[in-house]
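Commentary on secondary and tertiary structure
The residues making up each chain are set out below.
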Amino acid sequence: MPPGPSPLPTDIHETLIVLPGGGVHAQGLLHDGSPDQLEVLIERVRGPLRAAAAQHNRPIRLSIGHPNGHVERQQIFADGTIHADQDLPTDTSAVDPVWNQGIPEETGLLATVRAAQRAGQWRTAQQAARRATQHLTTQHGRDHPYVAMGTELQAYFAVMAQDCAAAASLYIEAAVASHRLGGPREQSRRCLVSAVTAWLHSDRDTSPGGAGFAAAHALIRITPYDHATLAALLQRLTTGRA
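Residues numbered from 1 in each chain as written. Predicted model: local features only at pLDDT ≥ 70, side-chain atom pairs only at ≥ 80, totals over all residues. Heavy atoms only, no water.

A few words now on the packing of aromatic side chains. Applying the stated criterion across every chain, the model contains two aromatic pairs. Each ring, one from Trp122 and one from Phe157, has its centre 6.1 Å from the other, and the planes form 20°; the classification is stacked. With a gap of 35 residues between them, Trp122 in helix H4 (residues 122-140) and Phe157 in helix H5 (residues 145-160) connect regions that are remote in the sequence. By relative accessible area, which is 0% here, Phe157 ends up buried. Considering the side-chain rings of Tyr156 and Phe157, the 5.1 Å spacing of their centres and the 65° angle between planes classify their relative orientation as edge-to-face. (Phe/Tyr/Trp six-rings, centres within 6.5 Å; stacked < 30°, edge-to-face > 60°. Helix = DSSP H or I, 4+ residues; strand = E, 2+ residues; numbered from the N terminus. Buried < 20%, exposed > 50% of the residue type's maximum accessible area, 1.4 Å probe, protein only.)

Dropping the structure here:
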């Protein structure tokens, strides 16, 4: 007997970018087109989501970022209908105190990091922070605040080492992890702002799978009201596109 459909994660939230001048970006792919083809392009992405919602009999969220930075939130229901998503709920749950305590210094994992920091050896500090994060992942699993903090620490030292491309990717990773694990909202936002800043100081990879688009999707998902930052990033991502 053939296996049934694979179970979906508890929360399906897809993001889509409407590009200035035409075209859309979703799921790592760029779909070129003129502005008058926008609905067709959006439906090209939304179609498989409709099918998934029907197959698994559950709604799927879709957030669409527009060139002016506005984020349109939709829910795709199992019957194929689309409804405007409600305003984001205010999260009143308490944040785990571990987020404010930071990685415990007494573990000794940060000793080499701090020594390199004091000596101004930023590349060494970045590498030591990566090794510390690997140890934390082994000890606590990847879904732990310490791992998100370690990733953010790597990003900071990457900036100091003038490795801005790596810093952008690491800050995005830290922001997504913090958001997924229920960390402080301001921490996720700070990481995203730092990611955009690092990307702007890098070679500005505008490839469909690059850090620039990854940062834009993270902004749409995590800080949908940060219109100015998203609009500015989308403009930079598409400047010079044919």
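This next bit is on H5. Over its 16 residues, H5 extends 23 Å from the first C-alpha to the last, a length consistent with the 22 Å expected when each residue adds 1.5 Å. Within H5, 13 of the 16 residues are buried, which leaves the element mostly enclosed by the surrounding structure. (Expected span 1.5 Å × (residues − 1).)

Taken as a whole and judged by the stated rule, the model has zero disulfides. Summary of cysteine pairing: Cys164 is not part of a disulfide, and the nearest cysteine sulfur, belonging to Cys191, is at 15 Å. When its relative accessible area of 15% is taken as the criterion, Cys164 is described as buried. Relative accessible area serves as the criterion here: at 1%, Cys191 is assigned to the buried category. (Disulfide = S-S within 2.5 Å.)

On to the packing of H4 against H5. When two helices pack together, you describe them by how their axes are tilted relative to each other and by the distance separating the axes. Closest axis-to-axis distance for the H4/H5 pair is 8 Å, and the angle between their directions is 170°. Considering the angle they form, H4 stands roughly antiparallel to H5. Where H4 abuts H5, its residues Trp122, Ala125, Gln126, Ala129, Arg130, Thr133, Leu136, Thr137 and His140 lie against Tyr146, Val147, Gly150, Thr151, Leu153, Gln154, Phe157, Ala158 and Met160. Tallied by class, the residues present in the contact of H4 with H5 amount to 10 nonpolar, seven polar and one charged. (Axes fitted to C-alpha atoms, helices over the stretch in contact; angles between N-to-C directions. Parallel < 35°, antiparallel > 145°, perpendicular 65-115°, else oblique. Contact = heavy atoms within 4.5 Å. Nonpolar A, V, L, I, M, F, W, Y, C, P; charged D, E, K, R; others polar.)

This part takes up the nonpolar core. Grouped together as the largest cluster of nonpolar side chains are 30 residues, with contacts concentrated most on Ile17, Ala216, Leu230, Leu233 and Leu237. If you list the elements that add at least two residues to this core, you get H5, helix H6 (164-180), helix H7 (185-200), helix H8 (211-222) and helix H9 (227-238). Counting residues per element, this core draws most heavily on H8, which supplies eight residues. (Core = buried A, V, L, I, M, F, W, Y, C linked by side-chain atoms within 4.5 Å.)

Structural measurements only, silent on function.
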